[in-house]
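Listed below are the residues making up each chain.
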Amino acid sequence: MSKPGDQRTLRGRVAVVGIGETDYYRHGTSPDPEFKLALKAILAACKDAGLDPRDIDGFSSYGDDRNEASRLAAALGTHRLRTTTMQWGGGGGGCCAAVANAAASIVAGLADCVVVFRALAQGQYGRFGQVGGTETIFGEKAYLMPYGVLAPPQRFAMKVQRYMHEHGVSQGALRAIALASYRHAQSNPRAVMHGKPLDIEKYDASRWIVEPFHLYDCCMENDGAAALVVVSQERAREFRQKPVFVLGAAMGAGHRSGAIPHNAPSYASAGFDTVAPDLYRMAGLGPSDVGTVQAYENFTGGVVMALAEHGFFEPEQANDFLTLENLTAPSGRLPLNTSGGNLAECYMHGLELVLEAVRQVRGTSTNQAERNDVAMVIGGPMVTPVSNLLLGSEATL
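Residues numbered from 1 in each chain as written. Predicted model: local features only at pLDDT ≥ 70, side-chain atom pairs only at ≥ 80, totals over all residues. Heavy atoms only, no water.

Trainee: Where do I start with the pattern of salt bridges in this structure?
Mentor: A side chain with one charge can pair with a side chain of the opposite charge if their charged atoms come near. Under the defined criterion, the tally for this structure stands at 18 salt bridges. The residue K40 makes a salt bridge to D32 at a minimum N-O spacing of 2.7 Å. Among the residues examined, K40 registers a relative accessible area of 38% and is labelled partly exposed. A salt bridge links E34 to R66; its shortest N-O distance comes to 2.8 Å. One end of the pair, E34, is in helix α1 (residues 34-49); the other, R66, is in the loop between β3 (58-62) and α2 (69-76), and 32 residues separate them in sequence. Taking relative accessible area as the criterion, E34 reaches 1% and is therefore assigned buried. In this structure R66 comes out as partly exposed when scored by relative accessible area, which is 32%. (Salt bridge = Lys/Arg side-chain N within 4 Å of Asp/Glu carboxyl O. Buried < 20%, exposed > 50% of the residue type's maximum accessible area, 1.4 Å probe, protein only. Helix = DSSP H or I, 4+ residues; strand = E, 2+ residues; numbered from the N terminus.)

Trainee: I'm lost on the side chain of H214 in this one. Help?
Mentor: The topology assignment puts H214 in strand β7 (residues 213-214). Within the structure, H214 has its side chain in polar contact with the backbone oxygen of S206 (distance 2.8 Å). With residues near it in sequence (within four places) discarded, H214 still touches Q171, Y203, D204, S206, R207, W208 and I209. (Polar contact = N/O pair within 3.5 Å; in protein donor to acceptor, adjacent residues only side chain to side chain. Contact = heavy atoms within 4.5 Å.)

Trainee: Hey, could you run me through the side chain of E345 in this one?
Mentor: Looking at where E345 falls in the secondary structure, it is placed in the loop between α13 (341-344) and α14 (351-362). Within the structure, the side chain of E345 is placed 3.2 Å from the side chain of N188, a separation counted as a polar contact. One polar contact links E345 to S339, side chain to side chain, over a distance of 2.8 Å. Beyond its immediate chain neighbours, meaning those up to four positions away, E345 contacts E21, Y24, N188, R190, A191, V192, M220, S339, G340, E352 and R359.

Trainee: I'm lost on the packing of aromatic side chains in this one. Help?
Mentor: Each aromatic ring pair is specified by the distance between its two centres and by the angle formed by the two planes. This model, assessed by the stated rule, comprises six aromatic pairs. Judged by centre distance (5.6 Å) and plane angle (90 degrees), the ring pair of Y182 and Y216 falls under edge-to-face. Of this pair, Y182 sits in helix α7 (residues 171-185) while Y216 sits in the loop between β7 and β8 (222-232), and the two are 34 residues apart along the sequence. Grouping residues by exposure puts Y182 and Y216 together as buried. Ring centres of F213 and F299 lie 4.9 Å apart, and the angle between their planes is 10 degrees; this geometry places the pair in the stacked category. Here F213, found in strand β7, pairs with F299, found in the loop between β10 (292-295) and α10 (300-309); they are 86 residues apart in sequence, far enough to count as distant. By way of ring pairs, the aromatic residues F156, F213 and F299 are connected into one cluster. The ring of F35 carries the charged tip of R71 above its face, separated from the ring centre by 3.7 Å. Positioned above the aromatic ring of Y62 is the side chain of R118, whose terminal nitrogen or guanidinium carbon lies 5.0 Å from the ring centre. (Phe/Tyr/Trp six-rings, centres within 6.5 Å; stacked < 30°, edge-to-face > 60°. Lys NZ or Arg CZ within 6 Å of the ring centre and 35° of its normal.)

Trainee: I'm lost on the nonpolar core in this one. Help?
Mentor: Proteins that are soluble and globular tend to have nonpolar side chains buried together. Counting 101 residues, the largest nonpolar core has L228, V293, L307, F312, L322, M376 and L390 as its most contacted members. Here this core gets nine residues from one element, more than from any other, and that element is α7. Excluding its chain neighbours within four sequence positions, the residues that come into contact with F312 are Y280, P287, V290, V293, L307, F321, L334 and M376. (Core = buried A, V, L, I, M, F, W, Y, C linked by side-chain atoms within 4.5 Å.)

Trainee: In this structure, what is going on with the pairing of strand β9 (residues 244-252)? I would like to understand it.
Mentor: Within a regular strand, side chains alternate between the sheet's two faces. Buried residues dominate β9, accounting for eight of its nine residues. Bridging between strand β1 (residues 14-21) and β9 involves two bridges; their strand directions are antiparallel. Residue A15 lies in a different strand from β9, and its bridge partner there is F245. Pairing analysis gives seven bridges linking β9 to strand β12 (residues 386-392), with the strands arranged antiparallel. When the bridges of β12 are listed, V246 appears paired with L391. (Pairing = 2+ DSSP bridges.)

Trainee: Would you mind showing me how to read helix α9 (residues 275-283) here?
Mentor: Every α-helix carries 3.6 residues per turn, so stepping three or four residues along brings you back to the same face. The set of residues buried in α9 consists of V275, A276, L279, Y280 and A283. Seen along its axis, α9 keeps its buried residues to an arc of 130 degrees; they face one direction. Buried residues along α9 sit in contact with β9, α10, β11 (374-379) and β12. Phi for G284, located one or two positions after α9, is positive at around 70 degrees. (Arc of directions from axis to C-beta.)

Trainee: Quick question: what am I supposed to make of unusual backbone geometry here?
Mentor: Excluding glycine, most residues fall at negative phi; most peptide bonds, likewise, are trans. With an omega dihedral of 10 degrees, the bond running from E211 to P212 counts as a cis peptide bond. Inspection of the secondary structure assignment puts P212 in the loop between β6 (208-210) and β7. Note the cis peptide between T384 and P385, where omega equals -5 degrees. With respect to the helices and strands, P385 occurs in the loop between β11 and β12. Notably, D64 is not glycine yet its phi reads approximately 60 degrees, a positive angle.

Trainee: Explain the environment of I42 here, please?
Mentor: For I42, the position within the fold is in helix α1. Separated by 330 residues in the primary sequence, I42 and N372 have C-alpha atoms spaced 25 Å apart.

Any functional reading would require information beyond the geometric quantities listed.
Structure, rendered in structure tokens:
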């Protein structure tokens with residue numbers, strides 16, 4: 001007789017069968033409003049899958065997405081809307097959790113075909129992360145803004161600086177992450193930074209934003225939309241594309257990780273100390289099984305911490321592990337952000353990273369890794385709650 005919790009897993013029970021995206025733009029330059037961008041990406045994902053968009057019966061997003069599911073369903077002409085989910089938490093920490101929530105809805109029988117999406121039009125709604133005039137402040141900002149800590153780079157630089165000091169991490173480790181993302185973007189015509197290569201000299205000469213972040217350590221700001229279609233394992237082979245299965249998913253935060261003000265017991269952390277073990281446990285895999293990683297770069301320092309917390313190296317080994325050679329497809333030790341990532345492809349709040357992981361498993365990436373049966377996505381380092389995913393081919397089940 002099975003025990004409670006024996007079936008508490010998503011492993012192999014759902015698959016991504018379609019992915020789609022709009023053109024990506026610099027922030028404020030999209031010719032389309034945000035809602036239209038969302039529809040374009042969803043229709044592109046349906047076309048990729050060979051799916052009639054009217055058969056969608058669920059929507060999942062995150063980070064205060066402004067596109068209401070009921071309005072999307074009406075515009076698409078869906079036959080019936082069965083489930084809608086929005087992952088709690090700001091920014092991109094929920095990019096993988098939105099996929100997990102969609103998968104959970106299907107496994108629980110709440111829906112049959114769920115679209116995960118993210119859309120941004122900052123010319124329409126204003127820039128994310130920009131500090132505007134305000135008469136009252138509360139929560140974390142009440143402890144930070146009076147001292148001039150106003151923007152995300154300032155907040156996260158303190159955590160990264162502490163981590164670098166404690167573990168002897170050099171600026172070169174951060175630089176290697178930026179260089180790898182830009183290197184991959186040069187082979188990706190979708191990337192905003194396609195045709196704009198980055199080298200050591202250009203990185204080193206770029207201005208400081210907040211130490212230890214140079215300009216090229218910080219994510220872009222973009223307009224556009226991305227989407228993917230999730231169905232059950234039983235239906236996965238009905239569609240046009242090779243199915244890519246969810247092997248594991250996790251989300252959450254450790255003990256007091258959101259303590260205010262900057263008072264978490266594990267201050268210099270990306271927030272995956274409890275989430276990474278949950279991911280590996282569900283997937284039945286370990287770091288050595290992972291062929292490629294798409295890691296959310298809000299800032300390169302968070303990627304260093306997140307990769308270490310997922311067991312790819314010890315913190316003191318970061319300088320040796322994080323080199324351009326090791327991080328570059330096809331034959332690097334751990335190809336990283338093979339589409340260009342948030343730094344050089346597009347900052348679609350991390351959902352574009354999930355699409356690239358799907359392409360890697362399918363074998364259709366513009367920077368295909370030699371080992372691609374298992375792809376990891378890491379969402380939103382240093383932004384709690386965080387989330388992650390392991391995606392795999394049918395051969396991994």
